2 protein chains.
Amino acid sequence: MTRKDEILQVSARLIREKGYVGLSMRDLAKAIGVKAASLYNHIPSKQAILAEIILHLAEDFTSQIQHVAIKSISSLDKLKQIIEHHVDLSLHHPNKLALLNNEWMHLEGQSLADFKTMRNQYEEQLRQIINQGKANNELKALHTELVLFSLLSTLRNLNVWIKKRGSIPAEQLKNELHQVLLNGIS
Amino acid sequence: MTRKDEILQVSARLIREKGYVGLSMRDLAKAIGVKAASLYNHIPSKQAILAEIILHLAEDFTSQIQHVAIKSISSLDKLKQIIEHHVDLSLHHPNKLALLNNEWMHLEGQSLADFKTMRNQYEEQLRQIINQGKANNELKALHTELVLFSLLSTLRNLNVWIKKRGSIPAEQLKNELHQVLLNGIS
DNA sequence: GTCTATACCCCGATAGAC
DNA sequence: GTCTATCGGGGTATAGAC
């Protein structure tokens, strides 16, 4: 792992704990074992750390949902694959996902604009999949925005839950999530 | 409204936008129309602002769920009343709720400990209601922790959704939420 | 209850030696 | 690539006049 990767990884963990504004470059440097000035040989600014972490993940989500959207499968299967991708990323990059969810408002300039664009794209793709499912009678005729919101709320919180509940096998988590999110609890 | 109430209200809005660490007492004072030093005639510290807002709301949630838990009604009706309380608070105190969800980690000392205690109490009460529902065959035999997590994820994000989606009648929102959360979407 | 002035501290970032 | 030293700015909070 390069020093830059180390900086990004440690930053993700510390920003998750202290928030972007709450983490100082001096604290970050201390956690890595160098002086603050040395960080600037690997990254141009504190802001660039946040942008690189968040935009990289946002691009991953965006390309995955576009890939799923054009498949010739049922809307329910599309939703299942989207859920599974959230589970996989939540298991492998929990800290970086936390930044995507909670620190994006500290992005600035073009990074912030790009993030918002990708976020809207993602929600729009998911909205269309839900509406397809309703048209095919795979999904109940519920308020699309509320279904979208409920799904995303749970998926975006997966990393919190995984951190608290400890290790549950990925496959079991996916199966149970499909049931809870798609079939209901009562 | 007293000046102190004004400080709490404006603080909630600005902390929601900038984060607790990102909001300075100078910015807060400017938004209210006084100088920063004047704030300290009404509140003892910046930290006390955060603690008062969050702990007040946390006490509200805790007392409500304890009140519901001991009622002689079905588990499903208990869940409905809990959902409705989240909707009501999300509509009336969206900014303060955002702090409860996103800024609690910046609490310090006893305030942080008290918050965590109330949070655990709330989750434990909800866990028991879910388990009762499973025992009564009102709820499916799903992983309790996953049901708890999915419910709370959606309820805790209500204020985000309400802010983005604009005004939907409270009664309609409650009805649709009951369907989505309790009956499933497929 | 609000003000000005200020104490004391930490911030992000850069310059330049090694 | 890391260091020391430092610049310029902004942070919370207090003292004391009005």
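Keep in mind that what you see is a predicted model, and the values were worked out from it rather than measured.

## Remarks on the UniProt feature "DNA-binding region" (unreviewed entry) in chain A
- In the numbering adopted here, UniProt assigns the feature "DNA-binding region" (unreviewed entry) to residues 24–43 of chain A.
- The span residues 24–43 of chain A shows a helical share of 60% and a strand share of 0%, and its end C-alpha atoms are spaced 14 Å apart.

## Description of the interface of chain A and chain B
- Residue-level contacts link 40 residues of chain A with 39 residues of chain B.
- Taken over both partners, the interface formed by chain A and chain B buries close to 3,600 Å², and the fraction arising from carbon and sulfur atoms is 62%.
- For the pair chain A and chain B, the number of links is four salt bridges.
- The partner of Glu-145 of chain B in a salt bridge is Arg-165 of chain A, with the nearest N and O atoms 3.3 Å apart.
- Seen at the junction of chain A and chain B, the total is 12 residue pairs in polar contact (both at pLDDT 80 or more).
- Here the side of chain A that touches chain B takes nine residues from helix H10 (residues 170–183) of chain A, the largest share from any one element.

## Details of the domain arrangement of chain A
Residue and element names in this part refer to chain A.
- When its domains are assigned, chain A resolves into domain 1 (1–43) and domain 2 (46–183).
- Of note, the centres of domain 1 and domain 2, computed from C-alpha atoms alone, are 27 Å apart.
- Contact with domain 1, which involves 15 residues of that partner, is made by 16 residues of domain 2.
- Interface area for domain 1 against domain 2, summed over the two sides, is near 1,500 Å², with a carbon-plus-sulfur share of 67%.
- For the domain 1 face of the interface with domain 2, the top three residues by lost area are Leu-8, Arg-16 and Tyr-20, together amounting to 52%.
- Scanning the region where domain 1 abuts domain 2 turns up one salt bridge.
- Here Lys-4 ties to Glu-52 by a salt bridge, and the two come within 3.3 Å at their closest N and O atoms.
- With eight residues, the top contributor of residues to the side of domain 1 that touches domain 2 is helix H1 (residues 3–18).
- The residue inventory of the side of domain 1 that touches domain 2, partitioned by class, reads 10 nonpolar, two polar and three charged.

## Section: the protein's contact with DNA strand D
- DNA strand D sits among 15 residues. The nearest are Arg-3, Lys-35 and Asn-41 of chain A together with Met-25 and Arg-26 of chain B.
- Of all atoms in DNA strand D that approach within 4 Å of the protein, 56% are sugar or phosphate atoms.
- Contact between DNA strand D and Ser-24 of chain B: a phosphate oxygen at 3.2 Å from a side-chain N or O atom of the residue.
- With respect to DNA strand D, the backbone of Met-25 of chain B contributes an N or O atom lying 2.7 Å from a phosphate oxygen.
- At the level of elements, helix H3 (36–39) of chain A together with helix H2 (25–32) of chain B are the ones that each hand at least two residues to the surface near DNA strand D.
- Of the residues belonging to the surface near DNA strand D, the class tally is six nonpolar, five polar and four charged.

## Overview of the protein's contact with DNA strand C
- Near DNA strand C there are 15 residues, and of these Met-25 and Tyr-40 of chain A together with Arg-3, Lys-35 and Asn-41 of chain B occur at the shortest range.
- The sugar-phosphate share of atoms of DNA strand C within 4 Å of the protein amounts to 56%.
- One of the side-chain nitrogen or oxygen atoms of Arg-26 of chain A is found 3.0 Å away from a base nitrogen of DNA strand C.
- Residue assignment for the surface near DNA strand C shows that the elements contributing at least two residues are helix H2 (25–32) of chain A together with helix H3 (36–39) of chain B.
- Its residues assigned to classes, the surface near DNA strand C shows six nonpolar, five polar and four charged.

## Quick notes on unusual backbone geometry
Residues and elements named next belong to chain A.
- Its identity as a non-glycine residue notwithstanding, Asn-137 has a phi of 60 degrees, on the positive side.
- For Asn-137, the position within the fold is in the loop between helix H7 (109–135) and helix H8 (144–156).
- On the accessibility criterion, Asn-137 (70% relative accessible area) is exposed.

## Brief notes about the pattern of salt bridges
- For the coordinates displayed, the defined rule picks out 18 salt bridges over all chains.
- For Asp-88 of chain A, the salt bridge is made with Lys-174 of chain A, and the minimal N-O distance between the two is 3.1 Å. One end of the pair, Asp-88 of chain A, is in helix H5 (residues 75–92); the other, Lys-174 of chain A, is in helix H10, and 86 residues separate them in sequence.
- Each of Glu-124, Arg-127 and Glu-145 of chain A together with Arg-165 of chain B takes part in salt bridges that share partners, so that together they form one network.

## With respect to the relation of the copies chain A and chain B
- Turning chain A through 180 degrees and shifting it by 0.0 Å along the axis lays it on chain B, with an RMSD of 0.0 Å. Here the copies are linked by what is in effect a two-fold axis. Closest approach to the rotation axis within chain A is made by the C-alpha atom of Gly-184 of chain A, at a distance of 1.6 Å.
- In this assembly the copies share their binding face: 98% of the residues contributing to the interface of chain A also contribute to that of chain B.

The rules behind each value
Residues numbered from 1 in each chain as written. Chains lettered and ligands numbered in written order. Predicted model: local features only at pLDDT ≥ 70, side-chain atom pairs only at ≥ 80, totals over all residues. Heavy atoms only, no water. UniProt positions renumbered as here; feature names shortened; annotations may be inferred. Helix = DSSP H or I, 4+ residues; strand = E, 2+ residues; numbered from the N terminus. Contact = heavy atoms within 4.5 Å. Buried area = accessible area lost by both parts, 1.4 Å probe. Salt bridge = Lys/Arg side-chain N within 4 Å of Asp/Glu carboxyl O. Polar contact = N/O pair within 3.5 Å; in protein donor to acceptor, adjacent residues only side chain to side chain. Domains from an automatic or database assignment. Nonpolar A, V, L, I, M, F, W, Y, C, P; charged D, E, K, R; others polar. Near = heavy atom within 4 Å. Buried < 20%, exposed > 50% of the residue type's maximum accessible area, 1.4 Å probe, protein only. Least-squares fit on C-alpha atoms with pLDDT ≥ 70 in both.

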